[in-house]
Amino acid sequence: MAFEGRAFEDDLIGLIPRLRRFARSLSGSESDADDLCQAALERALKARDQWQAGTRLDSWMMKITRNIWIDSVRSSARRRTTALDDAGEIAGDGEQQVESRALRVDIDAAMDRLVDDQREAVALVLVEGFAYKEAAEILDIPMGTLTSRLVRGREALARDLGATA
Amino acid sequence: MTFDSATIHAFVDGEIDLVTARRIERAMADDPELAARIAEQRGLRAMLSNHYDPVAEQPVPEQLIAAVRAAAVTLRPKPRFGRSWAVGSIAAALAFGLFVGQQIDAPGGPVAVGSGTLMASGTLNSALETQLASAQPRQSETRIGLTFRATDGAVCRSFETVALSGIACRAEDGWQLRRTFPGREQATYRQAGNSALLTAASEMMVGAPADAATEQRWRQENWRPQTHAGR
């Protein structure tokens, strides 16, 4: 029991880098993302009995993170902020630094302009690399709903970013 | 042959059956517009990866790891023995309730009742467990004051939150609240300042409060440092 408990904690800690990335793509700001991660980790530890061993812990954590984010957006306690300072905080290696600061802000701003439904679909599939089926399960929506949100979301992004890639 | 956006995206995402994928590949060869739409979507995926992947490569902030470890300490089952309720602790809980009101029974609140005594929980517990007085995160709702050794050998720390302040000492199963006072935003606290807290701390203390280095060392020893004979 104690051993299992420890393993659960270690698995959670192992997921933190991906959670931070996901939280960052949802919230658009580094500081909001870390607050969101912390809240998600705390909720997960409280609700650990609800996680079924053998199912994917990463999907479960993404679902918790997303639900907390949606709750906080809906209660309009906070708004996505696209802060220049935050964008500048992403440390990068040589290749990353080639990417201009302006472009990075553009991506945050373009994500910010998406409606929440589309942003979370894009974040799960295009940023986190979940399969459609897994993403639909995390969001608790039918596959068809997921794919239509994805289509609208990525077309808006492509338009916005002018396919400058 | 035309393909709708959903099909093109599914192709880019590797979410399409093999037969359709082959048809798209063949069509791309003679259809520059189709090829451009696919290139655009591949470019979008690459842009998003370049933008967000570095976040996952950064070192994980201490505070997030601490949140997992600290919460785990509170969640670990309490020992089965020693559960009888001391009259004193009930009296303390009642007195406490006057100050803290409904905050006490909120899940995730700062206080839990365990093994016959009041224990820190939630954010208060994690602050006591991880926060150094010398490096307090600006956003932390708990301020740690003095860290010191009490007459019974336990490491104790004074703290202030909005709802309550006090002195907690590290026992085997967590932080026991030994003294409690109103929080920093309550009128009674503002009138008296934190002198009651300081007086209580000085009465409990053996020797001098811990300096930054000692505080850090005690944290490494989970706040239960070995006592050395003669000290």
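Since this is a predicted model, take the numbers as computed values, not measurements. (Residues numbered from 1 in each chain as written. Chains lettered and ligands numbered in written order. Predicted model: local features only at pLDDT ≥ 70, side-chain atom pairs only at ≥ 80, totals over all residues.)

A. Representation of the overall build of chain B. From N to C terminus, chain B includes 9 helices and 7 strands. Here chain B holds 231 residues, and the buried ones make up 32% of them. Contacts in chain B between residues at least 24 apart in sequence constitute 51% of all its contacts with a sequence separation of at least 6. (Helix = DSSP H or I, 4+ residues; strand = E, 2+ residues; numbered from the N terminus. Buried ≥ 20, exposed ≤ 12 C-beta atoms within 10 Å, placed from the backbone. Contact = placed C-beta atoms within 7 Å.)

B. The interface of chain B and chain A, seen in detail. Counting from both sides, the interface comprises 32 residues of chain B and, opposite them, 39 residues of chain A. Going through the elements one at a time, helix H1 (5–12), helix H3 (32–57) and helix H4 (62–75) of chain B are the ones with two or more residues in the side of chain B that touches chain A. Examining the composition of the side of chain B that touches chain A, we find that 15 residues originate from one element, H3 of chain B, more than from any other. A breakdown of the residues in the side of chain B that touches chain A according to their chemical character gives 18 nonpolar, 8 polar and 6 charged. (Nonpolar A, V, L, I, M, F, W, Y, C, P; charged D, E, K, R; others polar.)

C. Main features of the packing of helix H9 (residues 143–161) of chain A against H3 of chain B. H3 of chain B packs onto H9 of chain A with a crossing angle of 85° between their chain directions and a minimal axis gap of 10 Å. Considering their axes alone, H9 of chain A and H3 of chain B lie roughly perpendicular with respect to each other. Seen from H9 of chain A, the contacting residues are Arg-154, Leu-157, Ala-158 and Leu-161 of chain A; seen from H3 of chain B, they are Glu-40, Gln-41, Leu-44 and Met-47 of chain B. Of the residues belonging to the contact of H9 of chain A with H3 of chain B, the class tally is 5 nonpolar, 1 polar and 2 charged. (Axes fitted to C-alpha atoms, helices over the stretch in contact; angles between N-to-C directions. Parallel < 35°, antiparallel > 145°, perpendicular 65-115°, else oblique.)

D. Broad picture of the confidence of the model for chain A. Residue and element names in this part refer to chain A. Per-residue confidence for chain A gives a mean pLDDT of 82; residues scoring 70 or more make up 76%. Across chain A, element-level confidence peaks in helix H8 (residues 132–139) with a mean pLDDT of 97 and bottoms out in helix H4 (residues 84–89) with 40. When the criterion is pLDDT under 50, residues 80–100 qualifies, and its contacts beyond four places in sequence or with other chains add up to 32 contacts. (pLDDT = per-residue confidence, 0-100.)

E. H8 of chain A, seen in detail. Residue and element names in this part refer to chain A. Along H8, the positions that sit buried rather than exposed are Ala-135, Ala-136, Ile-138 and Leu-139. What you see down the axis of H8 is that its buried residues fit within an arc of 160°, all on one side. Taken together, the buried residues of H8 touch helix H3 (57–74), helix H7 (116–127) and H9. Directly beyond the C-terminal end of H8, a positive phi value near 60° is found at Asp-140. (Arc of directions from axis to C-beta.)

F. Looking closely at the nonpolar core. In this structure, Ala-40, Val-122 and Ala-135 of chain A are the most contacted members of the largest nonpolar core, which totals 47 residues. Not counting the four nearest positions on each side in its chain, Ala-135 of chain A is found in contact with Ala-121, Leu-124, Val-125, Phe-130 and Leu-146 of chain A. Core analysis: the second largest hydrophobic core is formed by 25 residues, Leu-118, Met-119, Val-155 and Ala-210 of chain B among them. (Core = buried A, V, L, I, M, F, W, Y, C linked by C-beta atoms within 7 Å.)

G. Layout of the confidence of the model for chain B. Residue and element names in this part refer to chain B. This prediction gives chain B a mean pLDDT of 79; 76% of its residues lie at or above 70. When pLDDT is averaged over each element of chain B, H1 comes out on top at 95 and helix H5 (residues 87–100) at the bottom at 47. Here residues 75–105 scores under 50 on pLDDT; set against residues more than four positions off or in separate chains, the count is 35 contacts. Here the complex is predicted with pTM 0.55, and the ipTM for its interfaces comes to 0.81.

H. Local environment of the pairing of strand E6 (residues 174–182) of chain B. Residues and elements named next belong to chain B. The element E6 is extensively covered by neighbouring structure, given that 7 of its 9 residues are classed as buried. Note that strand E5 (residues 164–171) and E6 share 8 bridges and pair antiparallel. Its bridge partner lying in E6, Ala-168 is registered against Leu-177. Following E5, the chain reverses through 2 residues before pairing antiparallel with E6. (Pairing = 2+ DSSP bridges.)

I. Focus on the packing of H8 of chain A against H9 of chain A. All names here are of chain A. Running from N to C, H8 and H9 cross one another at 100°; their axes reach a closest spacing of 9 Å. Comparing the axis directions of H8 and H9 gives the class roughly perpendicular. Counted together, Tyr-132, Lys-133, Ala-135, Ala-136 and Leu-139 of H8 and Met-143, Leu-146 and Thr-147 of H9 form the full contact between these two elements. Of the residues contributing to the contact of H8 with H9, the split by class is 6 nonpolar, 1 polar and 1 charged.

J. A look at H9 of chain A. All names here are of chain A. With 19 residues, H9 ought to run about 27 Å at 1.5 Å a step, and its terminal C-alpha atoms sit 26 Å apart, in line with that. By the burial criterion, the buried members of H9 are Leu-146, Thr-147, Arg-149, Leu-150, Gly-153, Arg-154, Leu-157 and Leu-161. For H9, the angular spread of the buried residues around the axis is 160°, confining them to a single face. Opposite the packed face of H9, turned more than 90 degrees from it, sit the exposed residues Gly-144 and Arg-159. Of the residues trailing H9, Gly-162 is marked for its positive phi of about 60°. (Expected span 1.5 Å × (residues − 1).)

K. Main features of unusual backbone geometry. A positive phi angle, near 60°, is found at Asp-140 of chain A, a position not held by glycine. Mapping Asp-140 of chain A onto the fold places it in the loop between H8 and H9. What makes Asp-140 of chain A exposed here is the crowd of 10 C-beta atoms within 10 Å. If you check the backbone angles, Trp-223 of chain B has positive phi at about 65° while not being a glycine. For Trp-223 of chain B, the position within the fold is in the segment after helix H9 (212–220). A residue is classified by how many C-beta atoms lie within 10 Å of it, and Trp-223 of chain B, with 21 of them, is buried.

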